[in-house]
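Overview (structure and organization)
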Amino acid sequence: MIKELVCISCPQGCRLTVEYTDDASNASVSGNRCPRGKSYAISELTDPRRIVTAVIPTGDPARPVLPVRTDKPFPKAKIAELLNTIYKMRVEPPFSCGDILLENALGTGINIISAEN
């Protein structure tokens, strides 16, 4: 199989061509200008992940919503379930950037943190 991707590991945005069989972990990657391209391509085919961002309501009228994000890339297949969980949350002040608001989200070991003071 052949798949074309755009690498998002760095600002170069290399256009990757990935050739693989049933086992994508042994894929042949071309078009990458740095070693991260190959790692990205294999990860994207075997276990795609994304940083997830959202906002949740607060109890502070001066700041009605607080931006939050995952502290590590989250499995793409579980993002909808994670967003459903996040949108049910509410946080009360005080909060600081980096505060863990939800630990071990969906049993992944990934936390939801405040993205703003």
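Refer to the preceding data block for the structure.
Report on the accompanying structure. Predicted, not measured: the structure shown is a model, and the values here were computed from it.

A look at the sheet that holds strand E5 (residues 53-60)
With antiparallel pairing, the 4 strands of this open sheet are ordered in space as E5-E6-E9-E8. Pairing within the sheet leaves two strands with one partner each, and these edge strands are E5 and strand E8 (100-102). For this sheet the average axis-to-axis angle between neighbouring strands, irrespective of direction, equals 40 degrees. Relative to strand E9 (residues 112-114), strand E6 (residues 63-70) runs antiparallel, the two being bridged by 3 bridges. When the bridges of E9 are listed, Val-68 appears paired with Ser-114. Contacting E5, E6, E8 and E9, helix H2 (residues 79-86) crosses the sheet at an angle of about 10 degrees to E5.

A closer look at the nonpolar core
In terms of nonpolar packing, the biggest core is built from 15 residues, with Ile-56, Leu-66, Val-68, Phe-74, Leu-82, Ile-86 and Ile-112 touching the most fellow members. Mapped onto this core, the elements with two or more residues apiece are E5, E6 and H2. When residues in this core are grouped by element, the largest group, 3 residues, is from H2. In this view, Leu-82 contacts Val-52, Thr-70, Phe-74, Ala-105, Leu-106 and Ile-112; residues no more than four positions away in its chain are not counted. One finds Ala-24, Ala-27, Val-29 and Tyr-40 within the second-largest nonpolar core, a separate group that totals 12 residues.

A short note on helix H1 (residues 35-46)
A rise of 1.5 Å per residue sets the reference length of H1, with its 12 residues, at 16 Å; its end C-alpha atoms lie 17 Å apart and thus fit the reference within 8%. Among all positions of H1, only Gly-37, Tyr-40, Ala-41, Ile-42 and Glu-44 are buried. Residues of H1 that are buried in the fold lie against strand E1 (2-6), strand E2 (15-19), strand E3 (28-30) and strand E4 (49-50).

Observations concerning unusual backbone geometry
The linkage connecting Pro-93 with the following residue, Pro-94, adopts the cis geometry, with an omega of 5 degrees. For Pro-94, the location among the structural elements is in the loop between H2 and E8. Its identity is not glycine, yet Asn-104 carries a phi of approximately 55 degrees, on the positive side. Here Asn-104 shows up in the loop between E8 and E9. Of note, the phi angle at Leu-106 is positive, near 55 degrees, even though the residue is not glycine. By secondary structure assignment, the location of Leu-106 is in the loop between E8 and E9. The partly exposed category is assigned to Leu-106, whose relative accessible area is 28%.

Procedures and definitions
- Residues numbered from 1 in each chain as written.
- Predicted model: local features only at pLDDT ≥ 70, side-chain atom pairs only at ≥ 80, totals over all residues.
- Heavy atoms only, no water.
- Pairing = 2+ DSSP bridges.
- Helix = DSSP H or I, 4+ residues; strand = E, 2+ residues; numbered from the N terminus.
- Axes fitted to C-alpha atoms, helices over the stretch in contact; angles between N-to-C directions.
- Contact = heavy atoms within 4.5 Å.
- Core = buried A, V, L, I, M, F, W, Y, C linked by side-chain atoms within 4.5 Å.
- Buried < 20%, exposed > 50% of the residue type's maximum accessible area, 1.4 Å probe, protein only.
- Expected span 1.5 Å × (residues − 1).

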